[in-house]
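The lines below spell out each chain.
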Amino acid sequence: DAKTTQPNSMESNEEEPVHLPCNHSTISGTDYIHWYRQLPSQGPEYVIHGLTSNVNNRMASLAIAEDRKSSTLILHRATLRDAAVYYCILREGTYKYIFGTGTRLKVLA
Amino acid sequence: DVKVTQSSRYLVKRTGEKVFLECVQDMDHENMFWYRQDPGLGLRLIYFSYDVKMKEKGDIPEGYSVSREKKERFSLILESASTNQTSMYLCASSFSDRGNYGYTFGSGTRLTVV
């Protein structure tokens, strides 16, 4: 199974950008890179995904390395509501994700 | 708003009971999934279904079964609940594709087996 590696935790100051890294050195050519976040007492929430090119949406940006062995989720201005566990996931085959343990982001006021 | 609805937010059951966790989605998604989430272990896939009446085992299917009689509904069954099945259970759904769509998760059911 393709795997992802993320730091266990990170801290950021409010209103500053946050770069959350993810390594996925065993990614295959057809694996999409997905990011989710999980707020306390809630199910995971979709953030963004991409295949090869960088992607932007209203929540975040995703920067994918040229060799696709790593990616970075960018929150442009962290708020207290962004404090969550962030999961970087590869879409395994057609049907399923393999979740790791994610990065716990703490945002300091 | 598109939704995945899990029937119970909190559930307490006794050891040996048969337990049904229900999940309903309103997005016409082909795929549905059951995960459990435990501290330090992340989300682990129990079962998934890619069509009505179709099911596939995930990584930890032992002690569980599933049922999908209608496209919108996916049930997780604990045949004889045990204390090691105390966990947060999460249902998700998605379109059938090769990775270009995300999952929508429910809010979870926190099951305690006593």
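No experiment lies behind these values; they were computed from the predicted model shown. (Residues numbered from 1 in each chain as written. Chains lettered and ligands numbered in written order. Predicted model: local features only at pLDDT ≥ 70, side-chain atom pairs only at ≥ 80, totals over all residues. Heavy atoms only, no water.)

### Re the sheet that holds strand S5 (residues 55-56) of chain A
Residue and element names in this part refer to chain A. Spatially, S2-S7-S6-S5 is the arrangement adopted by the 4 strands of the open sheet, whose pairing is antiparallel. A single partner strand is all that each edge strand has here, and the edge strands are strand S2 (18-23) and S5. Pairing geometry for S2 and strand S7 (residues 70-75), over 6 bridges, is antiparallel. Within S7, the position partnered with asparagine 23 by the bridge is serine 70. (Pairing = 2+ DSSP bridges. Helix = DSSP H or I, 4+ residues; strand = E, 2+ residues; numbered from the N terminus.)

### Some points on the state of the cysteines
Linking two cysteines covalently through their sulfur atoms gives a disulfide. Evaluation of the coordinates by the stated rule reveals 2 disulfides over all chains. Shown here is the disulfide that connects cysteine 22 of chain A with cysteine 88 of chain A, its sulfur atoms set 2.1 Å apart. What sets the handedness of the cysteine 22 of chain A and cysteine 88 of chain A disulfide is the S-S torsion sign, and at about -80° it is left-handed. Of the two residues, cysteine 22 of chain A sits in strand S2 while cysteine 88 of chain A sits in strand S8 (residues 84-92), which places them 66 residues apart along the sequence. For cysteine 22 of chain A, a relative accessible area of 2% corresponds to the buried category. Note that cysteine 23 of chain B is cross-linked by a disulfide to cysteine 91 of chain B, the S-S spacing being 1.9 Å. Because the torsion about its S-S bond is -80°, the bridge between cysteine 23 of chain B and cysteine 91 of chain B counts as left-handed. Within this pair, whereas cysteine 23 of chain B is found in strand S3 (residues 19-25), its partner cysteine 91 of chain B is found in strand S9 (residues 87-94), the two being separated by 68 residues in sequence. Given the relative accessible area of 0%, cysteine 91 of chain B is considered buried. (Disulfide = S-S within 2.5 Å. Buried < 20%, exposed > 50% of the residue type's maximum accessible area, 1.4 Å probe, protein only.)

### Topic: the interface of chain B and chain A
The partner chain A presents 21 residues to the 26 residues of chain B that form the contact. Overall, the association of chain B and chain A removes approximately 1,900 Å² of surface from exposure, summing both partners, and the carbon and sulfur fraction of that is 52%. Joining chain B to chain A, the criterion identifies 4 residue pairs in polar contact (both at pLDDT 80 or more). Of all the secondary structure elements, the ones that give two or more residues to the side of chain B that touches chain A are strand S4 (31-38), strand S5 (42-49) and S9 of chain B. (Contact = heavy atoms within 4.5 Å. Buried area = accessible area lost by both parts, 1.4 Å probe. Polar contact = N/O pair within 3.5 Å; in protein donor to acceptor, adjacent residues only side chain to side chain.)

### A word on the confidence of the model for chain A
Averaged over every residue, the pLDDT of chain A is 90; residues scoring 70 or more account for 94%. The element-level mean pLDDT for chain A is lowest in strand S9 (residues 96-98) of chain A, coming to 73, with strand S6 (residues 61-64) of chain A highest at 97. (pLDDT = per-residue confidence, 0-100.)

### Re the sheet that holds strand S8 (residues 73-78) of chain B
Residue and element names in this part refer to chain B. Here 4 strands make up an open sheet; going across it, the order is S1-S3-S8-S7 and the pairing antiparallel. Two strands lie at the open edges of the sheet, namely strand S1 (4-6) and strand S7 (64-70), each paired on one side alone. On average, each strand axis in the sheet is inclined to that of its neighbour by 20°, with strand direction left out of account. Bridge count between S3 and S8: 6 bridges; the pairing is antiparallel. (Axes fitted to C-alpha atoms, helices over the stretch in contact; angles between N-to-C directions.)

### As for the packing of aromatic side chains
Residues and elements named next belong to chain B. Throughout the structure, instances matching the rule amount to 7 aromatic pairs over all chains. With a centroid separation of 6.0 Å and 25° between ring planes, the pair formed by phenylalanine 33 and phenylalanine 48 is classed as stacked. Residue phenylalanine 33 is located in strand S4, and its partner phenylalanine 48 is located in strand S5; the two are separated by 15 residues in the primary sequence. Assigned by exposure class, phenylalanine 33 and phenylalanine 48 land together as buried. Ring centres of phenylalanine 33 and tyrosine 103 lie 4.3 Å apart, and the angle between their planes is 20°; this geometry places the pair in the stacked category. Of the two residues, phenylalanine 33 sits in strand S4 while tyrosine 103 sits in the loop between S9 and strand S10 (104-105), which places them 70 residues apart along the sequence. (Phe/Tyr/Trp six-rings, centres within 6.5 Å; stacked < 30°, edge-to-face > 60°.)

### Overview of the pattern of salt bridges
Residue and element names in this part refer to chain A. Across all of its chains, the model carries 8 salt bridges over all chains by this definition. Among the ionic pairs, arginine 37 bridges to glutamate 45, the shortest N-O distance being 3.0 Å. The class for arginine 37 is buried, based on a relative accessible area of 11%. Given the relative accessible area of 33%, glutamate 45 is considered partly exposed. The closest approach of N and O atoms between aspartate 82 and arginine 37, which form a salt bridge, is 2.8 Å. Linking aspartate 82 in the loop between S7 and S8 with arginine 37 in strand S3 (residues 33-38), this pair joins segments that are 45 residues apart in sequence. (Salt bridge = Lys/Arg side-chain N within 4 Å of Asp/Glu carboxyl O.)

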